[in-house]
Amino acid sequence: MCGRLDQNHTAVEYVAAMHWPHANPIFGSQAAPSFNAAPGTYRPLMRVVDNQLVIEDLFWGYRAAWAAGKVPIAINARLEKLGNRYWSPLLKAGRAIVPAAGWYEWTGEKGRKQPWHVHLKTREPLFMAAVAAFGPFREHAAESGFVIVTADAEGGMVDVHDRRPVVLSAQDAALWLDPALPSGQAGQLARSAALGPDAFAWHPVSKQVGRAGNEGAHLAAQLELGLD
């Protein structure tokens, strides 16, 4: 599960971390850096258009137009379901990368949940696999939105949550974005190249991060439990 992001870097910083080898990137993102980016807002993500890396803002959430009233708006998509009828068109033509400094997870009982900040041990920007419906704005923002691809958390991260975003290295993120990569190979890449639990670290943070709209570096800072 991934329901809140720490995207506190600028678009320029995220592109620099990608080490993009081709033509000059196109910067179309106007979203402000955020330590507490929530679903239902427009957030920066990357895609490739005509061999150029484009970073632009898209609505975090997706529901196909034909599914209105039938299924809820999704913010994540399970990797193992990307080949089905609902997600396969986006896997084929809408692969994207959501860059971030980290993401938040919650543990514990309802009403007493503790948030955690999950990040790379190196504290470098990370690149989450995503799929999106690109194109002009439609009747509902979610019809032109994105979701983050998730997979089983595997062993060492299960104490935080049983699902995790599919995080790729910069090199593998570039492969995921390549429009020439067939859907089947893209799915296999996500399964085989996703960074494992050993690449990550996590620490408890203030429960203030649970309120959308709260902002500031203190939300991502390590918290001594019992002091919040």
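This structure is a prediction, so every number in the text was calculated from the model and none was measured.

Each value, and the rule that gives it
Residues numbered from 1 in each chain as written. Predicted model: local features only at pLDDT ≥ 70, side-chain atom pairs only at ≥ 80, totals over all residues. Heavy atoms only, no water. Core = buried A, V, L, I, M, F, W, Y, C linked by side-chain atoms within 4.5 Å. Buried < 20%, exposed > 50% of the residue type's maximum accessible area, 1.4 Å probe, protein only. Helix = DSSP H or I, 4+ residues; strand = E, 2+ residues; numbered from the N terminus. Pairing = 2+ DSSP bridges. Axes fitted to C-alpha atoms, helices over the stretch in contact; angles between N-to-C directions. Salt bridge = Lys/Arg side-chain N within 4 Å of Asp/Glu carboxyl O. Polar contact = N/O pair within 3.5 Å; in protein donor to acceptor, adjacent residues only side chain to side chain.

Caption draft 1: Representation of the nonpolar core in the model. Counting 40 residues, the largest nonpolar core has Met46, Leu82, Trp87, Val166 and Trp176 as its most contacted members. Listing elements by their share of this core, those giving two or more residues are helix H1 (11-18), strand S4 (42-49), strand S5 (52-60), helix H2 (88-93), strand S10 (126-132), strand S11 (145-152), helix H3 (170-177) and helix H4 (183-193). Among the nonpolar cores identified, the runner-up in size contains 22 residues, and Leu5, Ala96, Met128 and Phe134 belong to it.

Caption draft 2: Quick look at the sheet that holds strand S9 (residues 114-120). Reading across the sheet, the five strands line up as S3-S1-S8-S9-S14 and stay open at both edges, with antiparallel pairing between neighbours. Looking at the sheet topology across the chains shown, the edges are occupied by strand S3 (34-37) and strand S14 (200-204). Taking the axes of each pair of neighbouring strands and ignoring which way they run, one obtains an average angle of 30 degrees across the sheet. Here strand S8 (residues 102-107) pairs with S9 via five bridges, running antiparallel. Bridged to tryptophan 103 within S9 is valine 118.

Caption draft 3: Up close: unusual backbone geometry. Unlike most non-glycine residues, asparagine 51 shows phi in positive territory, near 70 degrees. Looking at the secondary structure, you find asparagine 51 in the loop between S4 and S5. We classify asparagine 51 as partly exposed; its relative accessible area is 46%. Positive phi is not limited to glycine here, since arginine 123 has a value of about 65 degrees. Mapped onto the elements of the fold, arginine 123 is located in the loop between S9 and S10. Taking relative accessible area as the criterion, arginine 123 reaches 47% and is therefore assigned partly exposed.

Caption draft 4: Structural view of the pattern of salt bridges. Under the counting rule described, the total for this entry stands at three salt bridges. Across the pair glutamate 56 and arginine 47 runs a salt bridge whose closest N-O atoms are separated by 2.5 Å. Classification of glutamate 56 by relative accessible area gives buried; the value is 18%. For arginine 47, a relative accessible area of 22% translates into the label partly exposed. The salt bridge partner of arginine 163 is glutamate 80, with a shortest N-O separation of 3.1 Å. Pair noted here: arginine 163 is in strand S12 (residues 163-165) and glutamate 80 is in the loop between strand S6 (76-78) and H2, with a separation of 83 residues, a long-range link.

Caption draft 5: Spotlight on the side chain of histidine 119. Mapped onto the elements of the fold, histidine 119 is located in strand S9. A relative accessible area of 3% means that histidine 119 is categorised as buried. A distance of 3.5 Å separates polar atoms of two side chains, one belonging to histidine 119 and the other to arginine 123.

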